[in-house]
Amino acid sequence: MSWRLPALIARTGIYWVLLFLFAAALAAIPEFRTAENLANVLTQSAPLGVLAVGQTLVIIAGLIDLSVGQLAGLAVVLVCALADGNSAWTLPVVLLALLLGGGVGAVNGVLANRLRLNPLILTFGMLSVLQGTIFVWTDRSIGRAPAELAWLANGRVYGMPVAALLVVAVALGTHAVLRYSRLGLDLAALGGNEESARRVGVPTGRVRLAAFVLSGLSAGLAGILIAGRLGTGYPIAGAGYELDAIVAVVLGGTALAGGRGSVGGTLAAVLVLGVVSNVLNLLQISAFVQMVAKGLIVILAILANQPHTQKGMVPA
Amino acid sequence: LRRALSAAAIWLVLAALLAAAALLSPGFLDPAYLVNIVRQAAPIGIAAVGVTFVMILGGVDLSVGAIISFAAVLCAVQMEGRAENVALALATTLAASAAIGLANGLLIAFNRISPFILTLGTALAVYGLTQVYSGGTARGVVAPGFREVFNLRLGGLVPVLALAFVAAAILAEATLRTTRYGRSLYLVGSNRAAATLAGLPIVRLTVATYALSGLLAGLGGIALLARSGVSSTFAGRGLEFDALAAVVLGGTTFEGGRGNVAGTVAGVLVLFVAFNMVNMLGLNYNSQLIVKGLIIIAASAAYTWLNREAD
């Protein structure tokens, strides 16, 4: 570990990007400074935050999960259609959404283990299956989210957005699992080198299953948050979230090849994306131009965040 | 024999799918129907050839879907419905597409960043640019004769578009097998350190290969325009994953150093035969998505299984 400044900046790149961006927005845009707007940024970033934390686990294990966006979307439709605004149904639909998420994750995990499928192909296929399932169910918004979920997604306690606190709790839990538990070690070992992991006795099949189940659970939870935010079962609510999640994970410094990564970096990257989107909205930039800007920011952020390879070292 | 079986795995999957399709409807094996599937597959197939090159080098290109959309819109707008504009429109489109690929290649070669994320970023930017350029709706008019030439059936059977796909694939496979450039891709992809020590120009190879991928995606966009005649801005949305699925089904790995164009062609055909089977069953688009997903998983499973038997 080096404490020379360039190396330090490289290792903490995404935090610097976030700091700079945040300072610039605070200084330049009066509307950005209001407490209301800052809370909004956190609230709006919450579903992506949950998804990206789940994706961090999967990517550290050397896998990838493209099915999470549509899985969250299916959870949104499920929650709203079943509860239909009835508070008595809140707890059952929340449990059902988590069960759906964990269940689809388990199917991904079992298929990956039994059939030895490439995770990208497998979860791409699952994405298509889930998207089809949503649209066979409904092609328009159905049902209403119960009031408790609206509070979970948009409410405040002591001025702090509930959803943001939830994300922090999920992130802390995940961080603890990664750093201090056997499963965390095993996930990194699987992502680092599967063959070596198996030889030192890591139960690779079970670890892979666990990674996909946790990812599925995060998608279920994200779906609950999105349902609360939207208030209705919008069938394309989850579309595209999988890419944003992967972008956030990698911008946060997690290696796509697996083996290492950090939840903190992922959350910083989620906030970078959230601040950018908020600022562009405040400046009333059209959605098309926003897309271009988002693409350029992804490119710039990854350039700023590139790992410094030492001279003479062969890049991976 | 075992190696041969492994290489043939994706073709066996294709044959099994065709047999199943023939059981569903005897008309499926009609040559006219089969070449039409090849015609439908041409836009993604041509782009997938470029992705194959990039992945053999050890990279990946997720910007091809966006470039396909961009190329279709740009080409249609440049033509303005006039035959005399066609040559210039094609040249501009291909140059612009190659330039996007070139930018990908330069950024990746000189910065050693994850091509997966970089090309996702390019994809977002290019989708946005396409939207800004077109104003968010279909724009541009295809020149008279443009579509007719590409969809003409030579000898009353083989559409020019299908022929173009096959020709591009053969040319690409020959390049991979016989040229110095093609062999270098495998060496860099399988062992970058050794390739560096052997003095291969890795930067130039990387830049050239991403530029080629951009160029082929541009051709794919033109093929899409020729096939559909409509330059919808979202025409290419999600196609990058179709192309990627085809390449991986065809046996090219993410690690690089392995793969070939023939496998990719078979992979593309597996996808499109599957799409056609779903259509034939009379299912609507929504249930098609489910079946498409299941077939991708099943075909991939069958392929992996055959490969393992062969090892």
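Source: prediction; values computed, not measured.

Draft legend 1. How the structure looks around a nonpolar patch on the surface. All names here are of chain A. Among the surface-exposed residues, Leu82, Trp89, Leu96 and Leu99 lie close enough to one another that they form a single nonpolar patch of about 370 Å² accessible area. The residue Leu99 is located in helix α5 (residues 90–115) in this model. By relative accessible area, Leu99 is classed as exposed at 61%.

Draft legend 2. Representation of the nonpolar core within the structure. Core analysis: the largest hydrophobic core is formed by 150 residues, its most contacted members being Phe116(B) and Ile117(B). It is helix α2 (residues 31–56) of chain B that provides the largest number of residues to this core, a total of 14 residues. Within the second largest apolar cluster, 21 residues are counted, among which are Ile60(A), Leu117(A), Leu178(A) and Ala197(A).

Draft legend 3. Seen up close, the side chain of Thr206(B). All names here are of chain B. By the element assignment, Thr206 lies in helix α10 (residues 202–228). At a separation of 2.7 Å, a polar atom in the side chain of Thr206 contacts the main-chain carbonyl oxygen of Ile202. Residues in contact with Thr206, not counting those within four places in the same chain, are Leu57, Gly105, Ile108 and Ala109.

Draft legend 4. Just the interface of chain A and chain B, in detail. If you look at the interface, chain A gives 42 residues, while chain B gives 42 residues. Roughly 3700 Å² of surface becomes buried between chain A and chain B when both sides are summed, with 81% attributable to carbon and sulfur atoms. It is Ile121(A), Phe124(A) and Met291(A) in chain A that bury the most area against chain B; as a group they hold 17% of the surface buried on that side. At the boundary of chain A with chain B, the tally comes to zero salt bridges. Applying the counting rule to chain A against chain B returns zero residue pairs in polar contact (both at pLDDT 80 or more). Counting residues per element, the ones that place at least two in the side of chain A that touches chain B are α5, α6 (119–137), α12 (241–251) and α14 (287–304) of chain A. With 13 residues, the single largest contributor to the side of chain A that touches chain B is α6(A). When the residues that make up the side of chain A that touches chain B are grouped by side-chain class, the tally is 30 nonpolar, nine polar and three charged.

Draft legend 5. Spatial organisation of the confidence of the model for chain B. Per-residue confidence for chain B gives a mean pLDDT of 86; residues scoring 70 or more make up 94%. Predicted as a complex, the structure gets a pTM of 0.81 and an ipTM equal to 0.81.

Draft legend 6. The confidence of the model for chain A, seen in detail. All names here are of chain A. On average, chain A scores 89 in pLDDT, and the residues at 70 or more come to 92%. Helix α11 (residues 204–230) holds the highest mean pLDDT among the elements of chain A, 97, whereas helix α1 (residues 5–11) holds the lowest, 54. Every residue in residues 308–316 is under pLDDT 50, and counting partners more than four places away or in other chains gives six contacts.

Draft legend 7. Focus on α12(A). Along α12(A), 10 of the 11 residues are buried, which leaves the element largely enclosed by surrounding structure. Those residues of α12(A) that fall on the buried side of the exposure criterion are Tyr241(A), Glu242(A), Asp244(A), Ala245(A), Ile246(A), Val247(A), Ala248(A), Val249(A), Val250(A) and Leu251(A).

Draft legend 8. Representation of unusual backbone geometry. The phi dihedral of Gln284(A) falls on the positive side, at around 55°, and the residue is not glycine. One non-glycine residue, Glu80(B), lies in the positive phi region at around 50°. Inspection of the secondary structure assignment puts Glu80(B) in the loop between α3 (64–79) and α4 (86–111). Judged by relative accessible area, which is 56%, Glu80(B) ranks as exposed.

Draft legend 9. Spotlight on the packing of helix α2 (residues 13–28) of chain A against helix α13 (residues 263–282) of chain A. Residues and elements named next belong to chain A. Close contact between α2 and α13 brings their axes to 9 Å; oriented N to C, the two are set at 25°. It follows that α2 is roughly parallel to α13 by the angle criterion. Of the two elements, α2 crosses α13, and the hand of that crossing is left-handed. Where α2 approaches α13, its residues Ile14, Tyr15, Val17, Leu18, Leu21, Phe22 and Ala25 are matched on the opposing element by Gly264, Gly265, Ala268, Ala269, Leu271, Val272, Val275, Val276 and Val279.

Basis of the calculations
- Residues numbered from 1 in each chain as written.
- Chains lettered and ligands numbered in written order.
- Predicted model: local features only at pLDDT ≥ 70, side-chain atom pairs only at ≥ 80, totals over all residues.
- Heavy atoms only, no water.
- Patch = residues over 30% accessible without salt bridge, like charges linked within 9 Å, V, L, I, M, F, W, Y side chains within 5 Å.
- Areas by Shrake-Rupley, 256 points an atom, 1.4 Å probe, with all protein chains shown as cover.
- Salt bridge = Lys/Arg side-chain N within 4 Å of Asp/Glu carboxyl O.
- Helix = DSSP H or I, 4+ residues; strand = E, 2+ residues; numbered from the N terminus.
- Buried < 20%, exposed > 50% of the residue type's maximum accessible area, 1.4 Å probe, protein only.
- Core = buried A, V, L, I, M, F, W, Y, C linked by side-chain atoms within 4.5 Å.
- Polar contact = N/O pair within 3.5 Å; in protein donor to acceptor, adjacent residues only side chain to side chain.
- Contact = heavy atoms within 4.5 Å.
- Buried area = accessible area lost by both parts, 1.4 Å probe.
- Nonpolar A, V, L, I, M, F, W, Y, C, P; charged D, E, K, R; others polar.
- pLDDT = per-residue confidence, 0-100.
- Axes fitted to C-alpha atoms, helices over the stretch in contact; angles between N-to-C directions.
- Parallel < 35°, antiparallel > 145°, perpendicular 65-115°, else oblique.
- Left-handed = near helix turned anticlockwise from the far one by under 90°.

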